[in-house]
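Remarks on the overall topology
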There are 4 protein chains.
Amino acid sequence: MVVLVKQGTDDVKLQRLIAQLQSYGVQVHPVKGTQTTILGLIGDTSAVDIDQIASIDIVESVKRIQEPYKNANRKFHPNDTVVEVGGLKIGGGHFQVIAGPCSVESGEQICEVAARVKKAGANLLRGGAFKPRTSPYAFQGLRAEGIELLSEARGQTGLPIVTEIMSASHIPLFETVDIIQVGARNMQNFELLKELGKLKKPILLKRGLANTIEELLMSAEYIMAGGNTQVILCERGIRTFETATRNTLDISAIPILKQKSHLPVVVDPSHAAGITSLVLPLSLAALAAGADGLIIEVHNNPEKALSDGAQSLTPDQFDGVMEKIKGAAAFFGRVM
Amino acid sequence: MVVLVKQGTDDVKLQRLIAQLQSYGVQVHPVKGTQTTILGLIGDTSAVDIDQIASIDIVESVKRIQEPYKNANRKFHPNDTVVEVGGLKIGGGHFQVIAGPCSVESGEQICEVAARVKKAGANLLRGGAFKPRTSPYAFQGLRAEGIELLSEARGQTGLPIVTEIMSASHIPLFETVDIIQVGARNMQNFELLKELGKLKKPILLKRGLANTIEELLMSAEYIMAGGNTQVILCERGIRTFETATRNTLDISAIPILKQKSHLPVVVDPSHAAGITSLVLPLSLAALAAGADGLIIEVHNNPEKALSDGAQSLTPDQFDGVMEKIKGAAAFFGRVM
Amino acid sequence: MVVLVKQGTDDVKLQRLIAQLQSYGVQVHPVKGTQTTILGLIGDTSAVDIDQIASIDIVESVKRIQEPYKNANRKFHPNDTVVEVGGLKIGGGHFQVIAGPCSVESGEQICEVAARVKKAGANLLRGGAFKPRTSPYAFQGLRAEGIELLSEARGQTGLPIVTEIMSASHIPLFETVDIIQVGARNMQNFELLKELGKLKKPILLKRGLANTIEELLMSAEYIMAGGNTQVILCERGIRTFETATRNTLDISAIPILKQKSHLPVVVDPSHAAGITSLVLPLSLAALAAGADGLIIEVHNNPEKALSDGAQSLTPDQFDGVMEKIKGAAAFFGRVM
Amino acid sequence: MVVLVKQGTDDVKLQRLIAQLQSYGVQVHPVKGTQTTILGLIGDTSAVDIDQIASIDIVESVKRIQEPYKNANRKFHPNDTVVEVGGLKIGGGHFQVIAGPCSVESGEQICEVAARVKKAGANLLRGGAFKPRTSPYAFQGLRAEGIELLSEARGQTGLPIVTEIMSASHIPLFETVDIIQVGARNMQNFELLKELGKLKKPILLKRGLANTIEELLMSAEYIMAGGNTQVILCERGIRTFETATRNTLDISAIPILKQKSHLPVVVDPSHAAGITSLVLPLSLAALAAGADGLIIEVHNNPEKALSDGAQSLTPDQFDGVMEKIKGAAAFFGRVM
């Protein structure tokens, strides 16, 4: 961390500031120039409150120069984390496709989709039971019943199931779920993250619409600080000024996350674009950029889907997409 | 709602689409051109799922042309909502200043700040008991104890108290709180909003960092749909590419919200800018633009604050700011 | 400037880096920690190429901690710059309203609008002769003829004229113009800025849609570096995810610019919002936040305007707006 | 185009509006509901001024539902445009890599880099002669001399040359240039675009930092409307809130542009990320997403580069990158 002191600060105040900084347990090295004094802070600065220091009257600005996350940081854990679920591996060269409908709507629907995505080569089943919807008047999901139906579909196909949680109070309902998803809107629902940190279950953590890569890693850190190290990061598009797509897939986030963290990274091309015809090109791009998996919406009847139909593939379309993904995964040396 | 049909669609498919749209209980008026067919949907389209229709293969695009919110909509409730708390009014020409520290840190601190902000002319006391922090290693608030200390400060000063909730499971702890705040990160925590809709207590709903004005109104709609009509909207800055300020205060949101909704609108200049010296100009700007109130951070010792010190005013600075705000409120015809 | 060196760098490479940095004429102070070495650079770092240093293999990151602009910097020029044109002053407590149509369309139109805005209290006349339009099929302005018509309107009313330039090759046509405007899209048209730096005429420099406050000041620096110190900065809204307004007026930019620079700051509420009903609240907000002037669109017949009708006030509406602005300017101690 | 009329509009005004709309040469179809009237406009609406209509007092809102570009629109030109230069083809399945330094610095430098990139498999040489730099104190390029040195490098290697233009007045200097590049900051320099539309030379048009995909196509339309149909579109990252990369590469823009337009699309991974280590993953992602080419920065000595060193590959690194790109291009069926 580097603190820039205001021009013309007298020495008494400067010494007081240095003492205050030292009280955080870091070493302080002043660099005095003719007009400016810079204080270099050396040591573990993760407990230093940057806002607090910035509020001191003689401080011009403060800049953090090291990452504030530890458990999620590749510097301290050079090897890839491989998340295992139901005998499947995600990360460390293992590539998985999670597929299924946006919402679980009925037993027939989820079982039919599950059978089809399995046949096409997907290895995990997704489906929303609890649905975050912008409007209170929109379908809110089958909730507990949805989870039961997902379990039923797993029983029929053997596919592990992934579904989204919206409140820590629902955790008991998720006992049978294989991977718990945290949605974009809850990425900074810290009370929820803390509770998930106490579980021994993989968490698929989606990046928030307006959250930086560093904030995503800090939210992973919340879960990991609680003892749960099985975190899968998910890039699903950020909010920008562009309106041609629902969100802007931040493809660069994949290599950046892989460099900065050891956690696996999956990509959701369906929600990022909100357009069926973009699912294939974005899936291939994600693979090419280094992703460890994909999460793709498939619906047996998108025109009648109770949510997000516009971005869902039909099972037939998904067959075609999977064909290309399998070829590309092999080309890029990923194990599916 | 307007549906644009793809070029070259045959009539059989078109008739099927029209029938499907009619099944939502709306009238469908086709407008046929040489190259394009437009379908105008008339009636209550709030139950129509825009994504679902967009996914139909012969549909080129769908555009909503009416607001999807009802309870929060000024069209259906032309008169200003005035929220009352402890004998104070917010909205309808009544202007209130909510002030206090970012975090409650001790009984001494909160009582001292409360006394000072009251003396300066603030009418409500704010203070964080549950603190959403990006880092799991940062101070997370005194939690239940913080609420008790706020009540103590209310006992000494008579100021109603405003504090943030982070989980529906904490609602029982907020029984003594006068206004419950929903923070920016929880604006779309729909499970929480639904529970708050069941209360008979004013809710201060902060706009999310990356949420549109319409989404803010939809979140208000969640609370109101549950029966709680006492919602105060809060503009607190959005996330943009600019880094000179922490967030970009969307000053235009104030007149837009006042036009589109009957709910009171308050502004948080402290979090928007993250810079002490901007609190006064942004407060005056908010007043001039039509805001019904302000929420300002004041700390008796910002340099030792356990959170957000950089944007907190000292009580002496707040005295000066309030002096100017009172003058401007009088000039702009607002009742304080 | 602060350079963070990668972990585990050997001393030979470090000494070579230090020597290279010293070759820029700055002093280099190394701060060595157990894991990290920070180099503090003291002196005039404005010639140091931050990208070049960042590309050196042993460099982790580089951060600039001082402003890269000099002529525009208040640190080196503490007093407000007051721009004078035709006996009017802008800045230093003097507040001016520039008004007129988006485009000059005819002699009759511009003279009628000029007479009306003068009567309402505006002191300068704006009108587009060269029009930057997104579509090649839209009206592109009367060009040279438009400037002649503006001069005619000035002849009739005495109002100095402000109009936009789109290419350095048009400079000779602007000889009779009182203030040359650089539009948002040309804020980083550096070839144009350099040529304007050679003139002895005030330049109204609009902030680009996606440009930071610092970049705006760097573009002012381009003009000032050429010897033309009469620069007026203009905030006119930035591009964000919000679609309720055309752009998002960055109200915080006003106090930030006034703190960082001595140049006058005017605000364009018409283009920022793109909505007539927002012109008054945003004008008052700009005044309250410290602006030195406003630039407002007025058209005698907005419904027939050849460009940007949606945001133009009628002369009658402008009368009402000016009434309020004059009152507020007096309240806030500004000389009009 | 669809016009939503305000609630409660009387019939006289409505008929007047319809007549006014018809005067644009379009058919107007009113759709009357109990509360709302929608007007559907059928025909060629590209000349209708959306802002003007929006300013009419009885109009609630106006929405365009068809693309405002024609020459660049795939609907009217279903086949891919293939740009030819020096015997090379770009587009229609032909994939080309343009490589070279950010700035031309000396004859020795550009010739050395040209020889190396040719050897590695690049087919065109890039290099900046005129450099748009944020700071007036930074290196501004060798200008005319730079173009001569590029020609020299072409003479030695046979690689066609690509370089950026910053002002229409420089066009005569670009006679020997094979592809003229328009930089991001000049994407809406319409005076420049119009002049380039008169040439018979391919134009590489970079997307502006804050410009939408539609605006990029409208700028292409400016060039094409003048008669020059040889336009290559370039995605090079947009400005967002994320700071981990210099810009956010909008990977979705590739398939969107390929769907909406017949023009070739190339991607600049160097400027998008601003980080050397991201050039390879982003290049592969661009290829996978359907790009027709890449433009990559290579410098023989990035640490001494006079601009943008941080994102330049060394020739050795470029060898490795090209190896992978060639493999991936073959896999994805592209002809290099």
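Residues numbered from 1 in each chain as written. Chains lettered and ligands numbered in written order. Predicted model: local features only at pLDDT ≥ 70, side-chain atom pairs only at ≥ 80, totals over all residues. Heavy atoms only, no water.

Now for the overall build of chain A. Helices and strands together make up the secondary structure of chain A, namely 10 helices and 14 strands. Expressed along its principal axes, the backbone C-alpha trace of chain A runs to roughly 75 × 45 × 40 Å. Burial status across chain A gives 64% buried among its 336 residues. Within chain A, counting contacts between residues at least 6 apart in sequence, those at least 24 apart form 67% of the total. For chain A, the computed accessible surface area is about 10800 Å², with 49% contributed by carbon and sulfur atoms. Averaged over its 34 positive side-chain charges, chain A has a centre that lies 2 Å from the centre of its 35 negative ones. (Helix = DSSP H or I, 4+ residues; strand = E, 2+ residues; numbered from the N terminus. Buried < 20%, exposed > 50% of the residue type's maximum accessible area, 1.4 Å probe, protein only. Contact = heavy atoms within 4.5 Å. Areas by Shrake-Rupley, 256 points an atom, 1.4 Å probe, with all protein chains shown as cover. Lys, Arg positive; Asp, Glu negative; His and termini not counted. Charge placed at Lys NZ, Arg CZ, Asp CG, Glu CD.)

Let's shift gears to the environment of Val 177 of chain A. Residue and element names in this part refer to chain A. Summarising the element assignment, Val 177 is placed in the loop between β9 (161-165) and β10 (179-182). The class for Val 177 is buried, based on a relative accessible area of 1%. Sequence separation between Val 177 and Glu 164 is 13 residues, and the spatial gap between their C-alpha atoms is 9.6 Å. Among residues more than four places away in sequence, those in contact with Val 177 are Ile 147, Ile 161, Thr 163 and Lys 201.

Between chain A and chain C, the residue contacts involve 24 residues of the former and 24 residues of the latter. Summed over both sides, the interface of chain A with chain C buries roughly 2000 Å², with 71% coming from carbon and sulfur. It is Val 31, Ile 42 and Ile 65 of chain A that lose the most area in chain A upon contact with chain C, and together they represent 26% of the buried surface on that side. Where chain A meets chain C, there are two salt bridges. The salt bridge partner of Lys 75 of chain A is Glu 60 of chain C, with a shortest N-O separation of 3.8 Å. Counting across the interface, chain A meets chain C through zero residue pairs in polar contact (both at pLDDT 80 or more). Classifying every residue of the side of chain A that touches chain C by side-chain character gives nine nonpolar, eight polar and seven charged. (Buried area = accessible area lost by both parts, 1.4 Å probe. Salt bridge = Lys/Arg side-chain N within 4 Å of Asp/Glu carboxyl O. Polar contact = N/O pair within 3.5 Å; in protein donor to acceptor, adjacent residues only side chain to side chain. Nonpolar A, V, L, I, M, F, W, Y, C, P; charged D, E, K, R; others polar.)

What follows deals with the domain arrangement of chain A. With domains assigned, chain A is organised as domain 1 (2-63) and domain 2 (83-331). Spacing between the C-alpha centres of domain 1 of chain A and domain 2 of chain A amounts to 44 Å. (Domains from an automatic or database assignment.)

All names here are of chain B. Note that Arg 236 resides in the loop between β12 (231-235) and α7 (253-260). Only 3.2 Å separates the side chain of Arg 236 from the side chain of Asn 247, close enough to count as a polar contact. Not counting residues within four places of it along the chain, the set of residues in contact with Arg 236 comprises Ala 184, Lys 206, Arg 207, Leu 209, Asn 247, Asp 268, His 271 and Ala 272.

Turning next to the packing of helix α9 (residues 279-289) of chain B against helix α9 (residues 279-289) of chain C. Between α9 of chain B and α9 of chain C, the shortest axis-to-axis distance is 7 Å and the interhelical angle comes to 155°. Accordingly, the angle class assigned to the pair α9 of chain B and α9 of chain C is roughly antiparallel. Seen from above, α9 of chain B lies across α9 of chain C with right-handed handedness. The residues of α9 of chain C that touch α9 of chain B, namely those facing Pro 281, Leu 284, Ala 285, Ala 288 and Ala 289 of chain B, are Pro 281, Leu 284, Ala 285, Ala 288 and Ala 289 of chain C. Grouping the amino acids of the contact of α9 of chain B with α9 of chain C by side-chain chemistry returns 10 nonpolar, no polar and no charged. (Axes fitted to C-alpha atoms, helices over the stretch in contact; angles between N-to-C directions. Parallel < 35°, antiparallel > 145°, perpendicular 65-115°, else oblique. Left-handed = near helix turned anticlockwise from the far one by under 90°.)

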